[in-house]
Amino acid sequence: MSYSTADSFRPVTLDDVRGAQKMLSGVARVTAMEGSRHLSQTVGAPVHLKCENLQRTGSFKLRGAYVRIAGLLPEERAAGVVAASAGNHAQGVALASALLGVRSTVFMPKGAPLPKVSATRDYGAEVRLHGQVVDETLAAAQEYAAETGAVFIHPFDHPDIIAGQGTVGLEILEQCPEVRTILVGLGGGGLAAGIAVAVKALRPQVRVVGVQAAGAAAYPPSLAAGRPVSVENPATMADGIKVGRPGDVPFGIIGELVDEVRTVSEDELSAALLLCLERAKLVVEPAGASPVAALMSASGAFEGPVVAVLSGGNVDPVLMERVLRHGMAAQGRYLAVRLRLTDRPGALATLLGVLSVVDANVLDVSHVRTDPRLGLTEAEVELHLETKGPAHCAEVGQALREAGYTVIG
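## Points about the overall build of the chain
When you go through the chain residue by residue, the secondary structure sums to 16 helices and 13 strands. Its C-alpha atoms give the chain principal-axis dimensions of roughly 80 × 50 × 40 Å. Looking at the chain residue by residue over its 409 residues, the buried ones come to 55%. In the chain, 73% of the contacts between residues at least 6 apart in sequence involve partners at least 24 apart. When the accessible surface of the chain is split by element, carbon and sulfur atoms take 51% of a total near 16,900 Å². Charge-centre separation for the chain: the mean point of 36 positive side chains lies 3 Å from the mean point of 42 negative side chains.

Written as structure tokens, this is what we have:
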């Protein structure tokens, strides 16, 4: 595979994906396929997890980045490459460039998580922090490419990128030849398009389903309009699929080959991430958990065997903590309550005694005595509790009311 940058809109074929697979031999891992008993019971059919969260750099992005950079002409390689990313694509480009001996510069937002910035530097890229959002970072990278002649490596909108990501589809068919449905997270569309090219060419009866975060779902309106359209201010914790506009190249493929696009909520993403951690013992980022979220929210909608692609595991520890609490709250296993009580000795101990009787585990207590909203003898307490589900949350609330407390939030 050796193509110039002018060849950006050629079709992507099964031969391209097979060529990418040969190119990636010894570079990208053939990631594990793990069965999930819990999800299989939920769906009523075998469910397997394709663990791209265990890929080198922690996501599938290395596949496409390596194929794209390896396909550059000698003079293009000599000019170096540039990319813009908040995390996964940055690391994929950095490692691919290092393996191929190509100089790389990666622009990242100023607020990018420090572990991702450090990892990108460790893989050998020059990291430049620019802008507060990815759109600003992207503009800076493209300006750098125009000024220096460096080749801009798009995260999803190029045939070589799509061919590289499509190798995930070939592995799925090799590891689970009886598969009937494949669910894959959908942002710009490179991974879903690549998988669809490979799978539909070899097994056209297999359903390929793309999954978007509801707050950043550009594909449903784009497919309805017959062209890529932008979603203003996409908002989701799943930064790996937080893309405001589909890529031109993947859009055409997805419109033709992907059978369905579904959306999932933030609560569903949180619950899915929590399930991956607790039941599958896998660290998965919110974007990577989106196929699991779709399975959990519509368990009877998919014919099995099902393969859910866990596209990445690069989750910032601070975000992980917030998401896990969010997921626990969505399942009724985490409860935050705020109430007022008389500010006298022993009042807090009495409150905690009520919670102890109903077996609510207190994780954190905030006790405020001085506030303009409070009376002279009042105090406000905020409690974060670990609970056992919705029924237990209701039991805790009932116990507080019976003890004479008024919950205010």
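Alright, that's what it looks like, and here's the rest.
## Quick word on the sheet that holds strand 11 (residues 334-342)
Hydrogen bonds between backbone atoms are what pair the strands of a sheet, whose relative direction is either parallel or antiparallel. Overall, antiparallel pairing links the 3 strands, which are arranged 11-13-12 in an open sheet. Looking at the sheet topology across the chains shown, the edges are occupied by strand 11 and strand 12 (361-368). Within the sheet, the average angular offset between the axes of one strand and its neighbour, ignoring direction, is 20°. Helix 15 (residues 347-357) rests against strand 11, strand 12 and strand 13 (378-386) of the sheet, and its axis sits at about 30° to strand 13.

## Let's talk about the pairing of strand 4 (residues 104-108)
Along strand 4, 5 of the 5 residues are buried, which leaves the element largely enclosed by surrounding structure. Bridge count for strand 3 (residues 81-84) against strand 4 is 4 bridges, and the pairing is parallel. Paired with Val 82 across the bridge in strand 4 is Thr 105. The β-α-β motif built from strand 3, the intervening helix 5 (residues 88-100) and the parallel element strand 4 has right-handed crossover chirality. One crossover worth recording links strand 4 to the parallel strand 5 (residues 126-129) by way of helix 6 (residues 114-122), and it is right-handed.

## Considering the pattern of salt bridges
Counted by the stated rule, this structure contains 13 salt bridges. A salt bridge links Asp 239 to Lys 116; its shortest N-O distance comes to 3.5 Å. With Asp 239 in the loop between helix 10 (219-225) and helix 11 (248-257) and Lys 116 in helix 6, the pair connects residues that are 123 residues apart, well separated along the chain. Asp 239 gets classed as partly exposed once you look at its relative accessible area, which sits at 33%. Accessibility expressed as a relative area gives 6% for Lys 116, which makes it buried.

## A short note on the nonpolar core
Ranked by size, the top nonpolar core spans 64 residues in total, and within it Ile 69 and Ile 182 carry the most contacts. The element best represented in this core is helix 9 (residues 190-202), accounting for 8 residues. When sequence neighbours within four positions are dropped, the list of residues in contact with Ile 182 reads Ile 172, Ile 195, Val 199, Val 206, Arg 207, Val 208, Val 209, Val 307 and Val 309. Core analysis: the second largest hydrophobic core is formed by 40 residues, Leu 49, Leu 273, Ala 289 and Leu 295 among them.

## Observations concerning the environment of His 367
For His 367, the position within the fold is in strand 12. Separated by 245 residues in sequence, His 367 and Asp 122 have C-alpha atoms that sit 44 Å apart. Beyond its immediate chain neighbours, meaning those up to four positions away, His 367 contacts Leu 341, Leu 348, Ala 379, Glu 380 and Val 381.

## Topic: the sheet that holds strand 1 (residues 33-35)
Read across the open sheet, the 6 strands follow the order 1-2-10-7-8-9; overall the sheet is mixed. On the outer flanks of this sheet lie strand 1 and strand 9 (260-264), each paired with one strand and no other. Pairwise comparison of adjacent strand axes, ignoring direction, gives a mean angle of 25° for this sheet. Pairing geometry for strand 1 and strand 2 (residues 47-51), over 3 bridges, is antiparallel. Bridged to Glu 34 within strand 2 is Leu 49. Along the sheet, helix 8 (residues 159-175) makes contact with strand 1, strand 2, strand 7 (181-185) and strand 10 (306-310), crossing strand 2 at roughly 140°.

## Some thoughts on helix 6
What helix 6 keeps buried is the set Lys 116, Val 117, Ala 119 and Thr 120. The arc enclosing the buried residues of helix 6, seen along the axis, measures out at 165°, which places them on a common side. Relative to its buried face, helix 6 has exposed residues pointing more than 90 degrees away, namely Leu 114 and Asp 122. Buried positions along helix 6 lie against helix 5, strand 4 and strand 5.

## What about helix 16 (residues 390-402)?
Its 13 residues give helix 16 an end-to-end C-alpha distance of 18 Å, which sits within 8% of 18 Å, the value for a rise of 1.5 Å per residue. Packing partners of the buried residues in helix 16 comprise strand 11, helix 15 and strand 13. Downstream of helix 16 by one or two residues, Gly 404 has phi in the positive range, about 95°.

## Brief notes about the state of the cysteines
Summed over the entire model, instances satisfying the criterion amount to 0 disulfides. Its sulfur unpaired, Cys 176 is 13 Å from the next cysteine sulfur, which belongs to Cys 51. Cys 276 takes part in no disulfide bond, and the closest cysteine sulfur to it belongs to Cys 51, at a distance of 8.8 Å.

## Details of the environment of Leu 183
Inspection of the secondary structure assignment puts Leu 183 in strand 7. Taking the C-alpha atoms as reference points, Leu 183 and Leu 383, separated by 200 residues in sequence, lie 39 Å from one another. Non-local contacts of Leu 183, meaning those with residues more than four positions away in its chain, are made with Val 209, Val 211, Pro 291, Ala 294, Leu 295, Phe 302, Val 306, Val 307, Ala 308 and Val 309.

## Points about the pairing of strand 3
In strand 3, alternate side chains face the same way, and those of Val 81 and Ala 83 on one face and Val 82 and Ala 84 on the other are all buried. As defined by bridge partners, strand 3 adjoins strand 6 (residues 151-152) across 2 bridges and the pair is classed as parallel. When the bridges of strand 6 are listed, Val 81 appears paired with Val 151.

Cut-offs and rules
- Residues numbered from 1 in each chain as written.
- Predicted model: local features only at pLDDT ≥ 70, side-chain atom pairs only at ≥ 80, totals over all residues.
- Heavy atoms only, no water.
- Helix = DSSP H or I, 4+ residues; strand = E, 2+ residues; numbered from the N terminus.
- Buried < 20%, exposed > 50% of the residue type's maximum accessible area, 1.4 Å probe, protein only.
- Contact = heavy atoms within 4.5 Å.
- Areas by Shrake-Rupley, 256 points an atom, 1.4 Å probe, with all protein chains shown as cover.
- Lys, Arg positive; Asp, Glu negative; His and termini not counted.
- Charge placed at Lys NZ, Arg CZ, Asp CG, Glu CD.
- Pairing = 2+ DSSP bridges.
- Axes fitted to C-alpha atoms, helices over the stretch in contact; angles between N-to-C directions.
- Right-handed = clockwise from strand over helix to strand, strands pointing away.
- Salt bridge = Lys/Arg side-chain N within 4 Å of Asp/Glu carboxyl O.
- Core = buried A, V, L, I, M, F, W, Y, C linked by side-chain atoms within 4.5 Å.
- Arc of directions from axis to C-beta.
- Expected span 1.5 Å × (residues − 1).
- Disulfide = S-S within 2.5 Å.

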